[in-house]
Every structure is written in C-alpha cells, then in structure tokens.
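Topology and contacts: notes
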Amino acid sequence: MFKTAREALIVTARLWLWLAVTGNKWSGGWPGHIQYPGMSNHCPLCQYAKEIADEESLCRYCPLYGKWGNYQTCTETDEAPFDVWYQAPNRIARCEAAWVIVDLCLKALEELC
C-alpha cells in the first residue's frame, strides 16, 4: 500500500489535516480510507511499518518513531500526541492536538528532502 516512508508521511499528513479541520473523533471517517482501505489501526504510518517489518512490535519502524516530541511512539503515555488527540475533551482540543501531528509529519518530510 505504501512503498516509502515519504508516501506514508504524506498520506498521514492529509489524514491529520482533515482531522484538524473537522475536529472528528474517529479517523476511520476520513474520506481517504476509500482509497486506502484496510490500513492497520486506520493509520498510514502503522500500515507502512507493518509492511516493512516482520515483528509484532511495529512502532520502531514508524517513520515518526522517536519524533513524537518527548516520546518515542504516538501512544507511549497519555501525554503522547495521539493520546492527547484521542482523549481530547472537545472539538477544539481535538483540532489543536491534530495540528501537532500534522506538524510532526511535515517536519519529518522536510528531513527526508
């Protein structure tokens, strides 16, 4: 599905941009899932890691591994970016948390250039 980390990061940025704009709680509602059905965890980065790794512990193969602010993975603690978004109490907080993930994707893409 995703042949390169760059491709996975671009699709991830699009997904999280949609979440940042809409404030949706469920990433599975993203219209892009029609083009990319069956993604692991509804996440392009998880899917990419799953495709290149033979292990059950896929997080270290994520293109954002070690780049989640102070955390190695997106769900390392309740303060990690994904969990902040997931646990956000309202739409505005979800939008703000989603923008953090968009920014992480864009910074990682910039590093690849």
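Quick look at the structure, then. Computed from a predicted model, the values in this text were never measured in an experiment.

1. Observations regarding the overall build of the protein chain
A count of helical and extended segments in the protein chain gives four helices and zero strands. Helices and strands in the protein chain line up, N terminus first, as α-α-α-α. For the protein chain, whose C-alpha radius of gyration is 13 Å, the value lies close to the compact-globule estimate of 13 Å for 113 residues. The principal-axis extents of the C-alpha atoms in the protein chain amount to approximately 35 × 35 × 30 Å. Out of the 113 residues in the protein chain, the part that is buried amounts to 44%. Considering only contacts within the protein chain whose residues lie at least 6 apart along the sequence, 51% involve residues at least 24 apart. For the protein chain, the accessible area works out to roughly 6,600 Å², and carbon and sulfur atoms hold 54% of it. For the protein chain, the separation between the mean place of its 10 positive charges and that of its 13 negative charges on side chains is 8 Å.

2. A closer look at the nonpolar core
Note on soluble globular proteins: their nonpolar side chains tend to be buried together. Among the nonpolar cores identified, the biggest contains 32 residues, and W16, L45, L64 and W68 are the most heavily contacted of them. Contributing elements (two or more residues each) for this core: α1 (5–22), α2 (44–52) and α4 (91–112). Tallying contributions element by element places α1 first for this core, with 10 residues. With residues up to four places along the chain from it excluded, the contact list for L45 reads A8, L9, T12, C62, P63, L64 and W68.

3. Focus: the pattern of salt bridges
Taken as a whole, this structure holds two salt bridges when the rule is applied. The closest approach of N and O atoms between K67 and E111, which form a salt bridge, is 3.0 Å. Of this pair, K67 sits in the loop between α2 and α3 (81–86) while E111 sits in helix α4, and the two are 44 residues apart along the sequence. Assessed through its relative accessible area of 33%, K67 is described here as partly exposed. Residue classification places E111 among the exposed residues on the basis of a relative accessible area of 55%.

4. Considering the state of the cysteines
By definition, a disulfide links two cysteine residues through a covalent bond between their sulfur atoms. Considering all chains together, one arrives at zero disulfides under this definition. Here C46 stays free of any disulfide, with the sulfur of C43 as its closest cysteine sulfur at 3.8 Å. Here C46 falls in the partly exposed class, since its relative accessible area comes to 23%. Its sulfur unpaired, C74 is 5.7 Å from the next cysteine sulfur, which belongs to C46.

5. Remarks on the packing of α1 against α4
At a minimum axis separation of 8 Å, α1 and α4 run at an interaxial angle of 160°. Viewed along their axes, α1 and α4 adopt a mutual orientation that is roughly antiparallel. Here α1 runs over α4; the crossing is left-handed. Residues A5, R6, L9, I10, T12, A13, W16, L17, L19, A20, V21 and T22 of α1 form the contact with α4, whose participating residues are R91, C95, A98, W99, I101, V102, C105, A108, L109 and L112. Looking at the contact of α1 with α4 residue by residue, the classes come out as 18 nonpolar, two polar and two charged.

Calculation notes
- Residues numbered from 1 in each chain as written.
- Predicted model: local features only at pLDDT ≥ 70, side-chain atom pairs only at ≥ 80, totals over all residues.
- Heavy atoms only, no water.
- Helix = DSSP H or I, 4+ residues; strand = E, 2+ residues; numbered from the N terminus.
- Rg over C-alpha atoms; globule rule 2.2 N^0.38 Å.
- Buried < 20%, exposed > 50% of the residue type's maximum accessible area, 1.4 Å probe, protein only.
- Contact = heavy atoms within 4.5 Å.
- Areas by Shrake-Rupley, 256 points an atom, 1.4 Å probe, with all protein chains shown as cover.
- Lys, Arg positive; Asp, Glu negative; His and termini not counted.
- Charge placed at Lys NZ, Arg CZ, Asp CG, Glu CD.
- Core = buried A, V, L, I, M, F, W, Y, C linked by side-chain atoms within 4.5 Å.
- Salt bridge = Lys/Arg side-chain N within 4 Å of Asp/Glu carboxyl O.
- Disulfide = S-S within 2.5 Å.
- Axes fitted to C-alpha atoms, helices over the stretch in contact; angles between N-to-C directions.
- Parallel < 35°, antiparallel > 145°, perpendicular 65-115°, else oblique.
- Left-handed = near helix turned anticlockwise from the far one by under 90°.
- Nonpolar A, V, L, I, M, F, W, Y, C, P; charged D, E, K, R; others polar.

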